[in-house]
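Chains, contacts and geometry: an overview
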2 protein chains.
Amino acid sequence: MGSGVLDLLERHNGFFRDSLGFDFELKGICSRSQVRLDRFPGRAPLMTTHPMELAKHPDIDVILEVAGGEDEPKAWVEAAFAHKKHVITANKALLAKHGKDLFPLAEANGRFLLFEAAVGGGIPIIRTLQESFIANDIHGLACIINGTCNYILSEMTGKKLSFESALKAAQDLGYAEADPSFDIEGTDSAHKVALLASLCYGKYVDFSSMSVEGITTISAVDIQMAEEMGFAIKLLGIVSQDKRGIQANVYPALLEKRHQLATVDGVLNAVFVKTSAIGPILLTGAGAGKLPTASSVISDLVSLARQLATGNPQAQPMGFFSTRNRAELIPIDELETEFYLRLTAVDKPGVLAKVTAILGEEGISIRALVQKPEHDPEHVPVIFLTHATRNANVSKALKRIDVLDIIQAPTQVLRFYR
Amino acid sequence: MGSGVLDLLERHNGFFRDSLGFDFELKGICSRSQVRLDRFPGRAPLMTTHPMELAKHPDIDVILEVAGGEDEPKAWVEAAFAHKKHVITANKALLAKHGKDLFPLAEANGRFLLFEAAVGGGIPIIRTLQESFIANDIHGLACIINGTCNYILSEMTGKKLSFESALKAAQDLGYAEADPSFDIEGTDSAHKVALLASLCYGKYVDFSSMSVEGITTISAVDIQMAEEMGFAIKLLGIVSQDKRGIQANVYPALLEKRHQLATVDGVLNAVFVKTSAIGPILLTGAGAGKLPTASSVISDLVSLARQLATGNPQAQPMGFFSTRNRAELIPIDELETEFYLRLTAVDKPGVLAKVTAILGEEGISIRALVQKPEHDPEHVPVIFLTHATRNANVSKALKRIDVLDIIQAPTQVLRFYR
């Protein structure tokens, strides 16, 4: 990541100097690994394996933090603010875990903490929410914000792979880590969605209060059943606000194929925003990768320079959510949506009667029932599609259904996104 | 348009004041029509039918110009700059025709001329090019930037309508003017593309030097033939740069259906940018309409206020193309692309031989030949698809082909966009 930032800075600094009047001087490079550091011989006066050396250096104005990790970089960023430096970060995990401390610290020190690169890689969603949509209320937002998951689901759909094979393919291509849990369990998406939700509503959304589901339970049968019904399955970050409050969740959802997000495939990211004045608007592009992320880091650097060039850096903070103003999230139990329930049941008469009775008792109205023996003749998948219903009702019903002796495996629960 | 700006300003001014520290005061409203002006009783202290009264008013800092027209608003904007006001405009025709005078005038007076609303309505493409992509070279850009044309082509495709019926439908819905020529001949698209091209390459692209084609010659047969071959026809603004220079053109093009722009239907606009660091990136949304456009006007107003609040408004111009630096466009004759040629020929032996001979003599290599009698048994459409070839060669060949007595109507020429 750091090498991308370095490359773009060196490549475009002449333009920044000649056309914009900003001449950025690279004071130092830090990598905790001496081996990595040795890859950049002579590219900066100060080369160090000690981050604090940069964070505390008297001649440095801005720290570009692209290291990863959570607790270690927190200490560097704190030191940087204490030493009156601005910080630009690509580190969503850092902000998700420690943003509630770091944003106020930036403010208290009259310094900027910018993070365009932390969400959606090269997609300019932070600046767009902060500036372009400023005369809009945000009714809601849905995003495909983790390229690893989107790649896996796209491969499962396009090539009819199992989750395991698609994950393996993603790992072989470098799209998934050796330990992929951070991506496939939805954590990375949630880190980003917490930041987006905070910007949408001007209130700090704490990552830890979100409901987060990943894609590990999605099977080839689910993908294929969805396909046959005209839907794609995507891991979505979903944010909305109504009079009850703010919802911010991450879960795999069934999207109508003609929805603009349904055709966003592979490692692409996309953010779909429902705005009050503009209406729906979509931004799609590379959500990760060295250069896309570096591009956003450098665009933040230029924005910062514009701000500093005015001689009054504290005049206007560029973001406008306050960590003092905390969002109380509506729990996912209160979410109302349509559900896809795939039961694994023994092939006995009376199964459907028992299940439908429980669904009815819990106030869940059934929109459709689909049985597709061709997918698995031994364990015929039985799929219930429900009308919009409260998530809590579904949870309650499944607690009763999944303990029935006719049920052979936990019921797969997916939600629709409209 | 003005009423949308007024509504958004009134609706969000409390937020701007409380959260951003900007309290915008509406000093005056001008409409040249007294009847329209009377629709806003008491909403501003100064109500006038004389634009110059606002442009010269000593207490006004910013003029929001959303009137339309070219020469009249030029005079107001000039007066506004002379009286040290900033100008925010939604008027692409004004900028296309008079930008070469107005941008330098703004600069000479130390004032801003902002125009996010002039291109793509609510899509934040101007700010994105100016700020978010600042560490990228722009390899090229393709956009669907006129909702009227996109609606007509979508209707022709989806409902198999003729151009005339689709235009009528667009007029009935208010998507096309009574005199639609400005839209359907590509002029409006070209106005916007000139601005986009200027921002992509930091050089002033003069609208009048562009090659501009509209959609008036597109027939139902073309749409259907394209469909059958797996392509959609869209009116595109296309901008690119290579070592020979900059190209900026507007023409209807055949796009592979899986291209992200091919599924942008109806009145939606979209801008697809090929960037050096981020890769391809797409922005899609409402490209016109009262509120989307007003949203961009107000976002410019807030950006301007941020800049002015620094106490050093001239520190950084927000745009970065200079009208002193003029782009020499590569003429469309030099464009190299694949072509779709639909001939209307008599059904006689020897026709194909004559036509292919001429194409060969002009150095045009044929990729495919398609005859589809089912579309029109009397005048069987004969379609040649070419390999990539210079536009000039095709023009030359058609000058020879279209005068043959076996040819009954001018050959339809469309280009592919890859």
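Residues numbered from 1 in each chain as written. Chains lettered and ligands numbered in written order. Predicted model: local features only at pLDDT ≥ 70, side-chain atom pairs only at ≥ 80, totals over all residues. Heavy atoms only, no water.

Notes on the overall build of chain A
Applicable threshold: Each helix corresponds to a stretch of at least 4 residues labelled H or I by DSSP, and each strand to a stretch of at least 2 residues labelled E; elements are numbered beginning at the N terminus. As a reference, a globule follows 2.2 Å times the number of residues to the power 0.38, and the radius of gyration itself is taken over C-alpha atoms. Classification of residues uses two cut-offs on accessible area relative to the type maximum, computed with a 1.4 Å probe and protein chains only: under 20% is buried, over 50% is exposed, and between them is partly exposed.
A tally of regular secondary structure across chain A gives 14 helices and 19 strands. Against the globule reference of 22 Å for 418 residues, chain A gives a C-alpha radius of gyration of 24 Å, in line with a compact fold. Across its three principal directions, the C-alpha atoms of chain A cover 80 × 45 × 35 Å. Scored against the burial criterion, the 418 residues of chain A give a buried share of 57%.

Some thoughts on the packing of aromatic side chains
Rules: Classification of ring pairs rests on two measures: the distance between centres of Phe, Tyr or Trp rings, Trp counted by its six-membered ring, which must be within 6.5 Å, and the angle between planes, read as stacked under 30 degrees, edge-to-face over 60 and tilted in between. Put simply, a charge is over a ring when the Lys NZ or the Arg CZ is close to the ring centre, within 6 Å, and near the line of the ring normal, within 35 degrees.
Applying the stated rule across the entire model yields 12 aromatic pairs over all chains. Summarising the aromatic geometry, the rings of B:Phe16 and B:Phe24 are spaced 5.8 Å apart at their centres and angled 90° between planes, so their arrangement reads as edge-to-face. On the basis of relative accessible area, B:Phe16 is assigned to the buried category, the value being 0%. Among the residues examined, B:Phe24 registers a relative accessible area of 17% and is labelled buried. Ring geometry for B:Phe103 against B:Phe115: centres 5.5 Å apart, planes inclined by 75°, an arrangement best described as edge-to-face. Taken as a pair, B:Phe103 in helix H5 (residues 92–108) and B:Phe115 in the loop between strand E5 (113–114) and helix H6 (125–132) lie far apart in primary sequence, 12 residues in all. Judged by its relative accessible area of 4%, B:Phe115 falls in the buried class. These aromatic residues form a ring-pair network of at least three members: A:Phe15, A:Phe16, A:Phe22 and A:Phe24. Of note, B:Arg367 hangs over the ring of B:Phe416, and the distance from its end group to the ring centre comes to 5.4 Å. Directly above the aromatic system of B:Tyr251 lies the positively charged group of B:Arg415, at a separation of 4.4 Å from the ring centroid.

Comments concerning the sheet that holds strand E3 (residues 62–65) of chain A
Residues and elements named next belong to chain A. Where we set the bar: When DSSP finds at least two bridges between two strands, those strands are taken to pair.
Sheet architecture is open: three strands sit in the order E3-E4-E5, paired in parallel fashion. Looking at which strands have only one partner, the edges of the open sheet turn out to be E3 and strand E5 (113–114). As judged from the two bridges shared by strand E4 (residues 86–89) and E5, these two strands associate in the parallel manner. Opposite Val87, over in E5, you have Leu113 as the bridge partner.

Notes on the interface of chain A and chain B
As a reminder of what qualifies: Here, residues are in contact when the closest pair of their heavy atoms is within 4.5 Å. What gets called buried area is simply the loss in accessible area from a 1.4 Å probe that two parts show on being joined, summed for both. N or O atoms closer than or at 3.5 Å make up a polar contact, with two conditions inside protein: a donor-capable atom paired with an acceptor-capable one, and, for residues adjacent in sequence, both atoms drawn from side chains.
The interface of chain A with chain B comprises 47 residues on the first partner and 47 residues on the second. Buried surface at the junction of chain A and chain B, both sides included, amounts to about 3,900 Å², of which 57% is carbon and sulfur. Taken together, the connections running from chain A to chain B amount to 12 residue pairs in polar contact (both at pLDDT 80 or more). The set of elements that each furnish at least two residues to the side of chain A that touches chain B consists of helix H1 (2–20), helix H6 (125–132), strand E12 (279–286) and helix H12 (290–309) of chain A.

Some words on the pattern of salt bridges
Residues and elements named next belong to chain B. Short version of the rule: Any carboxyl oxygen of Asp or Glu within 4 Å of a side-chain nitrogen of Lys or Arg constitutes a salt bridge here.
Under the criterion given, the structure shown has 56 salt bridges over all chains. Between Asp172 and Lys168 there is a salt bridge; the shortest N-O distance is 3.0 Å. Residue Asp172 and its partner Lys168 are located together in helix H8 (residues 163–172), separated by four residues, close to a single helical turn. For Asp172, a relative accessible area of 56% translates into the label exposed. One salt bridge in this structure joins Lys192 and Asp188, with 2.7 Å as the shortest N-O distance. Linking Lys192 with Asp188, this pair stays in helix H10 (residues 187–201), spanning four residues, or about one helical turn. Exposure class is identical for Lys192 and Asp188. Each is buried.

Points about the relation of the copies chain A and chain B
The cut-off we apply is this: For the least-squares superposition of copies, only C-alpha atoms count, and only for residues with pLDDT at least 70 in both.
For the match of chain A to chain B, the screw axis carries a shift of 0.0 Å, the RMSD comes to 0.0 Å, and the turn is 180°. In symmetry terms, the pair is related by a two-fold rotation axis. Of the C-alpha atoms belonging to chain A, the one lying closest to the rotation axis is found on A:Leu283, 2.3 Å away. The residues that chain A uses at the interface reappear at the interface of chain B in 100% of cases, marking a shared surface.

Comments concerning the domain arrangement of chain A
Applied cut-off: Each domain's extent was defined by an automatic or database domain assignment.
Here chain A is described as being made up of domain 1 (2–123 + 290–325), domain 2 (132–286) and domain 3 (332–417). Computed from C-alpha coordinates alone, the two centres of domain 1 of chain A and domain 3 of chain A are separated by 49 Å.

Points about the packing of helix H13 (residues 351–361) of chain A against helix H14 (residues 391–401) of chain A
Residues and elements named next belong to chain A. Applicable threshold: The angle between two axes is taken between their N-to-C directions and runs from 0 to 180 degrees, where each axis is a line fitted to C-alpha atoms and a helix contributes only its stretch in contact. Crossings are assigned a handedness: left-handed for a near helix turned anticlockwise from the far helix by less than a right angle, right-handed for a clockwise turn.
The interhelical angle for the contact between H13 and H14, taken along N-to-C directions, is 150°, at an axis separation of 9 Å. Judged by the sense of rotation from one axis to the other, the crossing of H13 with H14 is right-handed. On H14, the residues touching Val355, Ile358, Leu359 and Glu361 of H13 are Ala397, Arg400 and Ile401.

Let's talk about the packing of H6(B) against H10(B)
Residue and element names in this part refer to chain B. Inclusion rule: Roughly parallel refers to an angle under 35 degrees, roughly antiparallel to one over 145, roughly perpendicular to one between 65 and 115, and oblique to any angle outside these ranges. Three residue categories are used. Nonpolar comprises Ala, Val, Leu, Ile, Met, Phe, Trp, Tyr, Cys and Pro, charged comprises Asp, Glu, Lys and Arg, and polar comprises the others, including Gly.
Between H6 and H10, whose axes approach to 9 Å, the crossing angle comes to 10°. Considered as vectors, H6 and H10 are oriented roughly parallel to each other. Residues Ile125, Ile126, Leu129 and Gln130 of H6 pack against Leu196, Leu199 and Cys200 of H10. Looking at the contact of H6 with H10, its residues break down into six nonpolar, one polar and no charged.

Thoughts on the side chain of B:Glu155
Within the secondary structure, B:Glu155 sits in helix H7 (residues 147–158). Those residues in contact with B:Glu155, other than ones at most four positions away along the chain, are B:Lys160, B:Leu161 and B:Ala166.

A word on the confidence of the model for chain A
What counts, and what does not: Confidence of the predictor at the level of single residues is captured by pLDDT, which takes values from 0 to 100.
Counting all residues, the mean pLDDT for chain A is 93, and 96% of those residues have values of 70 or more. Here the prediction assigns the complex a pTM of 0.94, and the interface score ipTM is 0.93.

Examining the sheet that holds strand E3 (residues 62–65) of chain B
All names here are of chain B. Read across the open sheet, the three strands follow the order E3-E4-E5; overall the sheet is parallel. Two strands lie at the open edges of the sheet, namely E3 and E5, each paired on one side alone. Bridge count between E3 and strand E4 (residues 86–89): four bridges; the pairing is parallel. The partner of Leu64 across the bridge, within E4, is Ile88. Those strands touched by helix H4 (residues 71–82) are E3, E4 and E5, and its axis lies near 165° from that of E3. Across the sheet, helix H12 (residues 290–309) lies against E3, E4 and E5, angled at about 155° from E4, the strand it touches most.

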